[in-house]
Every structure is written in C-alpha cells, then in structure tokens.
Amino acid sequence: MARLSVNVDHVATLRQARMALEPDPVAAAVLAELGGAQGITVHLREDRRHIQERDLEILRRTVKTRLTLEMAAVEEIIAIALRILPDMVTLVPEKRHELTTEGGLDVMAHENELKGVIERLQKGGIPVSLFIDPVPRQIEAAARVGVDAIEIHTGLYSDAAGGEQRDSEFRKVAAMASLGERLGLVVHAGHGLDYRNAARVAALPEISEISIGHSIIARAVLVGFERAVREMADIFHRCQTG
Ligand code: PXP
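A brief structural summary. Remember, it's a predicted structure, so these values are computed and weren't measured experimentally.

## Comments concerning the overall build of the protein
Step number 1: Regarding its fold elements, the protein presents 10 helices and 8 strands.
Step number 2: The principal-axis extents of the C-alpha atoms in the protein amount to approximately 70 × 45 × 35 Å.
Step number 3: Relative to its full complement of 242 residues, the protein shows a buried share of 45%.
Step number 4: Contacts in the protein between residues far apart in sequence, at least 24 positions, make up 66% of those at least 6 positions apart.
Step number 5: When the accessible area of the protein is evaluated, it comes to approximately 12,700 Å², of which 57% is carbon and sulfur surface.

In structure tokens, the structure reads:
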C-alpha cells in the first residue's frame, strides 16, 4: 500500500499571511505523524511564499518518518538541499506567478541540465524524484537521466469534470505507474488528491508514496474550527462568571 506523505506548506501559507509565528508547519508535521502520516513534504520556493529555511532546518531535526523536499532545480535551493539533506528531493517546475505547481517537468527538453543536478544531489546522498505528467515519453526521459523515482502528476485526474474523463485520466496514471516500474523507477503520485479521489490512486500496486496537502489542510481548518471557537467562547464565559 502507498505511504501517505502530508504536505504542510499551507500551514505556513496561513502563518505568512500575517508574518506571524503561528500556525507553525513544524507543529503540524508532528501532529500529522501522530495521525498516521508516513512522510512529511514541503516545498521551499524561491519566493519563500510559505515554507522558510528555518522550517526546513527544524523539520530535518524533528521529522521521524521521511522528509521530502520539493524544489526547483536552481543553485540557491540545491545548496540548501545539500546542507539540510532531506530523505528525498522532488524536482518540480516553478513559476513565480502560479498558485501551485501547474504542470510536470519537461524532462525531455532539459535532459542534460537535469542530469547534472540529479548527479550532484545523489552524490550528496539525496535520492531524487522528478514530478512529471503521465506521458510515456517524459517517463522514458526520466529513466534516461538516472533519477531514482518519479512522482506522477495527478492534477488532470483530480480536476476531471465527470466520470468518463476521470476514468480516462485515471487509466493514464495507472499505465504510467506501470511503465515507471518496468523502467526500474520508484513511483510516487500527487497533486489535487482529496477524500473522494485518492483511494483509487493509493490502491495502484506500483505507487509507493502519495503526497497530499491542500485537501487535508482544508479539512483540518473546518474539522477543528468548532473546537477552536468553543475554547475562545469558554474563556469569555469564564471571565464573565469568574
Ligand atoms: N506533489 C507536488 C509535486 C506538488 O507540488 C504538490 C503541491 O504542493 C503536491 C504534490 C500536493 O498537492 P495538493 O496540495 O494539491 O495535495
């Protein structure tokens, strides 16, 4: 069965909205592990819109499962990865104006550059994964550049409008998972998965890890909201009666 790696980026998004100290993604990672997460994922973006270097440093010292760092293949972040030594790096394309990672890496177009970055990270002791669309030629290119793993982009499957389109996108993910395994790659998946659509992907035997962020954090805000309000209302109640 696939491992669940919980992406805690958006806990930091909320903190950065006020440039405050809370909520702390490190605390969220501890709770995620207590809740059964088998890994923690964070994306240190060049613009630092959510996760900060401080978060990564403390997570490296506190995560007891597996710490995955998503990052662009750029010098500044490569140097940080080689210093922090996460359990895995997932290389992703990064555009400043996107709301989230919008598509997979074009491995075919950047084979030589990627090869160099992958080798440097691997020599530093970090296994590397590439986030790619479920397209055969990209997966074949991933195998050529000597990467350890791929993460199949499940965004089109997750966003599919109806059953037929969803089934067709699911078949692509399943076929690419099996191609990846045949090519000797460890296969992960993620993006857009939620409480309704994740099980089908998690059940694919070739997929060893699934990364989920937004849907879990969105649910946590609502599931915890009533309790949070009640605790504040209780404080009011006590000061009025005490
Ligand atoms: N995998 C990658 C490479 C991502 O960039 C993201 C988003 O940060 C995820 C998985 C998780 O996606 P979501 O937040 O939609 O669950």
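## Looking at the side chain of Thr90
Step number 1: Counting through the fold element by element, Thr90 comes out in strand β4 (residues 88-91).
Step number 2: Judged by relative accessible area, Thr90 falls into the buried class, the value being 2%.
Step number 3: Those residues in contact with Thr90, other than ones at most four positions away along the chain, are Thr68, Leu69, Glu70, Met71, Ser129, Leu130, Phe131 and Glu151.

## A word on empty space enclosed by the protein
Step number 1: Summed over the entire model, instances satisfying the criterion amount to 1 cavity of 30 Å³ or more.
Step number 2: In this structure, the largest cavity spans a volume of roughly 50 Å³.
Step number 3: Taken together, Thr41, Thr68, Glu70, Met88, Thr90, Glu151, His188, Glu209, Ile210 and Ser211 make up the lining of the largest cavity.
Step number 4: Per-element tally for the lining of the largest cavity: the top contributor is strand β8 (residues 207-212), with 3 residues.

## A short note on the site of the ligand
Step number 1: Around the ligand, the structure places 15 residues, and the nearest of them are Thr101, Glu151, Gly192, Gly213 and His214.
Step number 2: Within the contact set of the ligand, a nitrogen atom lies 2.5 Å away from a side-chain nitrogen or oxygen of Glu151.
Step number 3: Taking 390 Å² as the accessible area of the ligand by itself, protein coverage stands at 94%.
Step number 4: Counted by class, the shell around the ligand contains 3 nonpolar, 9 polar and 3 charged residues.

## Some details on the packing of helix α4 (residues 75-84) against helix α5 (residues 111-123)
Two numbers describe a pair of packed helices, the interaxial angle and the distance between the axes.
Step number 1: Between α4 and α5, whose axes approach to 10 Å, the crossing angle comes to 20°. Taken together, the axes of α4 and α5 are roughly parallel relative to one another. Helix-helix and strand crossings are classified by hand; for α4 and α5 the assignment is right-handed. Where α4 abuts α5, its residues Glu75, Ile78, Ala81 and Leu82 lie against Val117, Arg120 and Leu121.
Step number 2: Residue composition of the contact of α4 with α5, by class: 5 nonpolar, no polar and 2 charged.

Procedures and definitions
Residues numbered from 1 in each chain as written. Predicted model: local features only at pLDDT ≥ 70, side-chain atom pairs only at ≥ 80, totals over all residues. Heavy atoms only, no water. Helix = DSSP H or I, 4+ residues; strand = E, 2+ residues; numbered from the N terminus. Buried < 20%, exposed > 50% of the residue type's maximum accessible area, 1.4 Å probe, protein only. Contact = heavy atoms within 4.5 Å. Areas by Shrake-Rupley, 256 points an atom, 1.4 Å probe, with all protein chains shown as cover. 1 Å grid on protein atoms, 1.4 Å probe; cavity = no way out; pocket = protein on both sides within 12 Å on 5 of 7 lines; lining within 4 Å. Points joined across faces, edges and corners; volume = space filled by probe spheres on them. Near = heavy atom within 4 Å. Polar contact = N/O pair within 3.5 Å; in protein donor to acceptor, adjacent residues only side chain to side chain. Nonpolar A, V, L, I, M, F, W, Y, C, P; charged D, E, K, R; others polar. Axes fitted to C-alpha atoms, helices over the stretch in contact; angles between N-to-C directions. Parallel < 35°, antiparallel > 145°, perpendicular 65-115°, else oblique. Left-handed = near helix turned anticlockwise from the far one by under 90°.

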